[in-house]
Every structure is written in C-alpha cells, then in structure tokens.
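In case you want the letters, here they are:
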Amino acid sequence: MKAMILAAGRGERMRPLTDTLPKPLLQLGSHRLIEHAIRRLVQAGVRELVINLGYRGAQIREALGNGAGLGVDIVYSDEGDPPLETGGGVFRALPLLGAEPFLLVNADVYSEFDFSALVAAALSARDLGHLVLVPNPDHRADGDFGLKARRVFNDGDPRLTFSGLSLLRPELFCACEDGRFPLAPLLRQAAACGQLAGERYDGRWSDVGTPQRLADLQAAITQAP
C-alpha cells in the first residue's frame, strides 16, 4: 500500500515559525513533524510515499531526499506556490498513487495511531474511504462528522473531528478536474451517499496548528514516560 503525505500548505497560523521554514519541518522532540508520520508509516510496513510540495517545497525535498535515510521510497508531487489545497493536491498526485486504495496523512498532525489498522482495513465494495475520527479538541468543539457502527455520517451524535488520517479510494475523485479544491466536500458527499466508513481513535493526537499547540505538544511528549 502507498501513502500520501499532505505537506504543501503555508501554515499561516504558525507564523512566525513558518516564515523561513515549511511547517512539516518544524522540530518536535528529536524529529521533524513530518518524520513522526513517516516513522509511524514505516512501523506499519508502508514504505512507498508520495509527498506533495508547495510552500518552501525545495526545503522539504532537500531535508528528506529520496527517503532512503528513513527507510522509505519518496516521490514528490510539486504543485508550486500557492498549492492546490487538499483535494486538488491529491487529485494531481493520483497518477503517482496508482489504482488501489491509499493512506492519506496530514503532515501537520501528530498522532500515535497505529497505521497497521488502516493497512489491514478492507474497504467494502461500496465504500470510497475510511476515516479516523477523534474527540473534538477545544478549537473544534462542534466536530466534523457523526459516527455510528463504524459508519460516517454528516449529522448525528457523537460528533467527532476528522483526524487528517484516512484510507481512500482513487474513485473518490472520479468527478474532479485538475485545479485547487478542498477534500472536505468530497468526504461529505461520500458520507451522504453512505459510502464512508470510519473509526474512533482516543489516543494521543494533535492538530499542530499554532505555535502554542506545538509548545503544548512538545511539553506533553517530553513528560511522557
């Protein structure tokens, strides 16, 4: 199975830290933010990665190279700046990802989720994706989706937040065209059609969206046994 890591965004809310450095290369403990995701993927046996590049993408390419130093094989989808947003970025990279389901990971999310669960997840013939949902953080109290019996809905309780971790079929993008567009409307359409599975994850997770969240996570990781 292949995985795509979304790493093209500018990280506006992370300024001034991202004025000279792309967000995925910010240091968290002994590794860069994106390296934490790569290490988790390697632990699950996923070694073929596609990483999209946008803001200061050359720095990411220089830092990671072809991935050999991390035990993976990286190919890059260079979007330029401004990048193509989440949906447009994935659509542009589909020729690199192939025809089979792939993992999608946000580079600015830190999680201790075991990706082997997604690797082993068998999408039913009708499903276009499987989302990992988490309890709502303070900055997203209303959540994104409902979850019941491992099915994802646009409404309903409990409301949970999309973690930025998912398993998707390329067919989710079958009606799309090259250009800038977000992923969320495609997920909502799939949920409305009963084509989205999901699960709840209650372990350590953080949308590392601001300098304060990065500092809080740094402290939590440092204090962890």
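For the structure, see preceding data.
Read on for an overview of the structure. These numbers come from a predicted model, not from an experiment.

Each value, and the rule that gives it
- Residues numbered from 1 in each chain as written.
- Predicted model: local features only at pLDDT ≥ 70, side-chain atom pairs only at ≥ 80, totals over all residues.
- Heavy atoms only, no water.
- Helix = DSSP H or I, 4+ residues; strand = E, 2+ residues; numbered from the N terminus.
- Buried < 20%, exposed > 50% of the residue type's maximum accessible area, 1.4 Å probe, protein only.
- Polar contact = N/O pair within 3.5 Å; in protein donor to acceptor, adjacent residues only side chain to side chain.
- Contact = heavy atoms within 4.5 Å.
- Salt bridge = Lys/Arg side-chain N within 4 Å of Asp/Glu carboxyl O.
- Lys, Arg positive; Asp, Glu negative; His and termini not counted.
- Core = buried A, V, L, I, M, F, W, Y, C linked by side-chain atoms within 4.5 Å.
- Disulfide = S-S within 2.5 Å.
- Pairing = 2+ DSSP bridges.
- Right-handed = clockwise from strand over helix to strand, strands pointing away.

## Observations regarding the side chain of aspartate 127
Argument step 1. Locating aspartate 127 in the fold gives a position in the loop between α4 (116-120) and β8 (129-134).
Argument step 2. Aspartate 127 gets classed as buried once you look at its relative accessible area, which sits at 3%.
Argument step 3. Here the side chain of aspartate 127 touches serine 124 through a polar contact of 3.0 Å, side chain to side chain.
Argument step 4. A distance of 2.7 Å separates the side chain of aspartate 127 from the side chain of arginine 151, its partner in a polar contact.
Argument step 5. Among all residues touching aspartate 127, those that are not within four sequence positions of it are Arg151, Arg169, Gly194, Gln195, Leu196 and Ala197.

## Some remarks on the pattern of salt bridges
Argument step 1. Counting across every chain of the model gives 13 salt bridges.
Argument step 2. Across the pair glutamate 12 and arginine 10 runs a salt bridge whose closest N-O atoms are separated by 3.6 Å.
Argument step 3. When its relative accessible area of 26% is taken as the criterion, arginine 10 is described as partly exposed.
Argument step 4. Measuring nitrogen to oxygen at the nearest pair gives 3.5 Å for the salt bridge that ties arginine 213 to aspartate 207.
Argument step 5. The class of arginine 213 is buried, set by a relative accessible area of 17%.

## Regarding the side chain of arginine 169
Argument step 1. Here arginine 169 lies in the loop between β11 (159-168) and α5 (184-192).
Argument step 2. This buried residue, arginine 169, is left without a salt bridge; glutamate 171 holds the nearest opposite charge, at 5.0 Å.
Argument step 3. Among the polar contacts made by the side chain of arginine 169, one reaches the main-chain carbonyl oxygen of serine 124 at a distance of 3.0 Å.
Argument step 4. Residues in contact with arginine 169, not counting those within four places in the same chain, are Pro101, Phe102, Leu123, Ser124, Ala125, Asp127 and Leu128.

## Some thoughts on the nonpolar core
Argument step 1. Membership of the largest hydrophobic core comes to 33 residues, with the highest contact counts inside it found for Ile5, Ile34, Leu41, Leu49, Ile51 and Phe115.
Argument step 2. At 5 residues, helix α1 (residues 33-43) tops the list of elements feeding residues into this core.
Argument step 3. In this structure isoleucine 5 touches Ile34, Ile38, Leu41, Leu49, Val50, Ile51, Asn52, Val105 and Ala107, once residues within four positions along its chain are discounted.
Argument step 4. The next biggest cluster of nonpolar side chains, apart from the first, holds 28 residues, and it includes Val90, Leu104, Leu131 and Cys176.

## With respect to the state of the cysteines
Argument step 1. This model, assessed by the stated rule, comprises 0 disulfides.
Argument step 2. Cysteine 176 provides the cysteine sulfur closest to cysteine 174, a residue in no disulfide bond, and the two sulfurs are 7.4 Å apart.
Argument step 3. Assessed through its relative accessible area of 67%, cysteine 174 is described here as exposed.
Argument step 4. For cysteine 176, a relative accessible area of 17% puts it in the buried group.

## Observations concerning the pairing of strand β5 (residues 73-78)
Argument step 1. Pairing of strand β4 (residues 48-53) with β5, which is carried by 6 bridges, proceeds in the parallel orientation. By the bridge assignment, glutamate 48 is partnered in β5 with aspartate 73.
Argument step 2. Running through helix α2 (residues 57-64), the crossover from β4 to the neighbouring parallel element β5 is right-handed.

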